[in-house]
Amino acid sequence: MQTLRDLPSLRTAIDAMKSVGRPVALVPTMGALHEGHMALVEEARRHAGHVVVSIFVNPRQFGANEDLDAYPRREAKDAQMLQAAGVDALWAPTPQVMYPEGYATNISVSGITEGLDGAARPGHFDGVATVVTKLFNQVQPDVALFGEKDYQQLAMIRQMVRDLDMRIEIIGVPTQRAEDGLALSSRNAYLTDEERKEALALPRALGEAARQMEKGASVEAAIAKAITMLSAHGFEPIDYVTLCDAVTLEPMHVLDRPARLLGAAKLGRTRLIDNIAVEPS
Ligand code: PAF
């Protein structure tokens, strides 16, 4: 596996991959890789002859009070995992390569980014859209893979690719979970042992609310129960528990089409998110 840190070497490597005529897949990450990322890599290998993984902790998607400096960084271990998984190239640009002196362009997707995490984390999705556009332009992949755990991010990227006529197939990969059901996330590393136990209340509250809605309970009542359960397990603040249209992410008050129940809340200093499909009967 090649590790590439500047654009000329990346372009040479991508040209060589493309010259043999096999599609290139990109798995964008911020590192601190876990089984969730490795599931994206595995899926990428099913769709393309070459797999490129990027690791870049993108400062533009962190708010002023967020954990940019504390965000886990362990590139050597990540590189070993990627090498063992048969990845062709690791694209690991420095912040200066990504945003050189004088950088001035911002990509912003409206509508779909305005509620949920977009409301709780102003500027976050502009940062994601901007870096993902740059990664797409740099790597020129045929296919790119994103986890469903960041459901709003995935929906925004699909919208952006449609709107900007990008010739890239976007593949969403189901959330990978620990045996007890907690969604895998690099941020789980911040949880204390006690918080790790309480964290399970998030997938359980969403799962229980989804089942109730599917059985005909009112959306409002099921969400209220989920919020009560999260509070009882120490989540504070609860940013949202919201039922949304599965594609547009418009809020829904009646389960009359395929939907997604999304939740975000803080446990101690760790902000957790999760989501689950909810199907009308
Ligand atoms: O999901 C992530 O890890 C990041 O938001 C992404 C897509 C790599 C952009 O920095």
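None of the values given here were measured: they were computed from a predicted structure.

**Student:** So what exactly am I meant to see when it comes to the overall build of the protein chain here?
**Tutor:** If you tally the helices and strands in the protein chain, you get 10 helices and nine strands. Relative to the globule expectation of 19 Å for 281 residues, the C-alpha radius of gyration of the protein chain, 19 Å, shows essentially globular dimensions. Its C-alpha atoms give the protein chain principal-axis dimensions of roughly 55 × 40 × 40 Å. Put simply, the protein chain has 281 residues, and 52% of those count as buried. About 13,200 Å² of surface is accessible on the protein chain, with carbon and sulfur atoms providing 50% of the total.

**Student:** Looking at this structure, I do not really get the pairing of strand β9 (residues 270-278). What am I missing?
**Tutor:** Two faces belong to every sheet, and in a regular strand the side chains alternate between them. For β9, a buried count of seven out of nine residues is recorded, marking the element as mostly surrounded by other parts of the structure. As paired strands, strand β8 (residues 259-267) and β9 are joined by nine bridges and run antiparallel to one another. Among the inter-strand pairings, G263 is bridged to a residue of β9, identified as D274. Taking the residues between adjacent antiparallel strands as the criterion, β8 and β9 are bridged by two residues, where G268 takes a positive phi near 60°.

**Student:** What exactly am I supposed to notice about the site of the ligand here?
**Tutor:** With respect to spatial proximity, the complete set of residues near the ligand consists of P28, T29, M30, Q61, V131, F146 and Q153. One of the side-chain N or O atoms of Q61 is found 2.6 Å from an oxygen atom in the ligand. In the model, an oxygen atom of the ligand is placed 2.7 Å from a nitrogen or oxygen of the Q153 side chain. Relative to its unbound accessible surface of 290 Å², the ligand loses 88% to contact with the protein. A breakdown of the residues in the shell around the ligand according to their chemical character gives four nonpolar, three polar and no charged.

**Student:** Teacher, can you tell me more about the sheet that holds strand β7 (residues 235-245) here?
**Tutor:** Taken together, the three strands give an open sheet; going across it, the order is β7-β8-β9, and neighbouring strands pair in antiparallel fashion. A strand with exactly one partner marks an edge of an open sheet, and here the two such strands are β7 and β9. Pairs of neighbouring strands in the sheet enclose a mean axial angle of 10°, with direction left out of account. One ladder, built from eight bridges, connects β7 with β8; its direction is antiparallel.

**Student:** What am I meant to see in the pattern of salt bridges here?
**Tutor:** Tallied over the entire structure, the rule returns 13 salt bridges. Across the pair R46 and E43 runs a salt bridge whose closest N-O atoms are separated by 2.8 Å. One end of the pair, R46, and the other, E43, are both in helix α2 (residues 35-47), three residues apart, so they sit about a helical turn from each other. In this structure, E208 engages R211 in a salt bridge whose closest nitrogen and oxygen atoms are separated by 3.0 Å. Separated by three residues within a single helix, E208 and R211 lie in helix α9 (residues 201-214), roughly one turn from each other. The class of E208 is partly exposed, set by a relative accessible area of 35%. The partly exposed category is assigned to R211, whose relative accessible area is 46%. Three or more residues are tied together by salt bridges with common partners; here these are D117, D239 and R271.

**Student:** Before we go on, may I ask you to explain helix α6 (residues 124-139) in this structure?
**Tutor:** Along an α-helix, residues three or four apart share an orientation, since each turn contains 3.6 residues. Between its terminal C-alpha atoms α6 stretches 22 Å, which fits the 22 Å expected from 16 residues at 1.5 Å a residue. The buried count for α6 comes to 14 of 16 residues, which makes it a mostly enclosed element. One or two positions beyond α6, positive phi appears at Q140, with a value near 50°.

**Student:** Could you clarify how one ought to interpret unusual backbone geometry in this entry?
**Tutor:** Going from E236 to P237, the amide bond is cis rather than trans, its omega being -5°. Of note, the phi angle at A32 is positive, near 50°, even though the residue is not glycine. On the secondary structure map, A32 appears in the loop between β2 (24-29) and α2. One non-glycine residue with positive phi stands out, namely Q140, at about 50°. Mapped onto the elements, Q140 comes out in the loop between α6 and β5 (143-147). Under the relative-accessibility criterion, Q140 is labelled partly exposed at 43%.

Parameters at a glance
For every chain, the first residue of the written sequence is number 1, and numbering continues from 1 along that sequence. Only residues with pLDDT of 70 or above have their local features reported here, since the model is predicted, and side-chain atom pairs are shown and tallied only from 80 upward, although totals for entire chains, interfaces and linings are computed over all residues. Only hydrogens and water are set aside when side-chain values are computed; all heavy atoms of the structure are taken into account. A helix here means a DSSP run of H or I that spans at least four residues, while a strand means a run of E at least two residues long, and both kinds are numbered starting from the N terminus. As a reference, a globule follows 2.2 Å times the number of residues to the power 0.38, and the radius of gyration itself is taken over C-alpha atoms. Buried means the residue's accessible area, taken with a 1.4 Å probe over protein chains only, is under 20% of the maximum for its type, while exposed means over 50%, and partly exposed covers the values in between. Reported accessibility uses the Shrake-Rupley method at a 1.4 Å probe radius. Residues are deemed covered only where the shown protein chains occlude them. The criterion for strand pairing is that DSSP finds at least two bridges linking the strands in question. One heavy atom suffices: a residue is near a molecule or strand as soon as one of its heavy atoms comes within 4 Å of it. Polar contact criterion, stated in full: a pair of N or O atoms within 3.5 Å, where within protein one must be able to donate a hydrogen and the other to accept it, and residues adjacent in sequence count only if both atoms are side-chain atoms. Basically, the charged four are Asp, Glu, Lys and Arg, the nonpolar ten are Ala, Val, Leu, Ile, Met, Phe, Trp, Tyr, Cys and Pro, and anything else, Gly included, counts as polar. Inter-axis angles, ranging from 0 to 180 degrees, are taken between N-to-C directions of lines fitted to C-alpha atoms, where helices are fitted over the stretch in contact. One speaks of a salt bridge when a side-chain nitrogen belonging to Lys or Arg is within 4 Å of a carboxyl oxygen belonging to Asp or Glu. Helices are assigned an expected span. That span is 1.5 Å times one less than the residue count.

Structural measurements only, silent on function.
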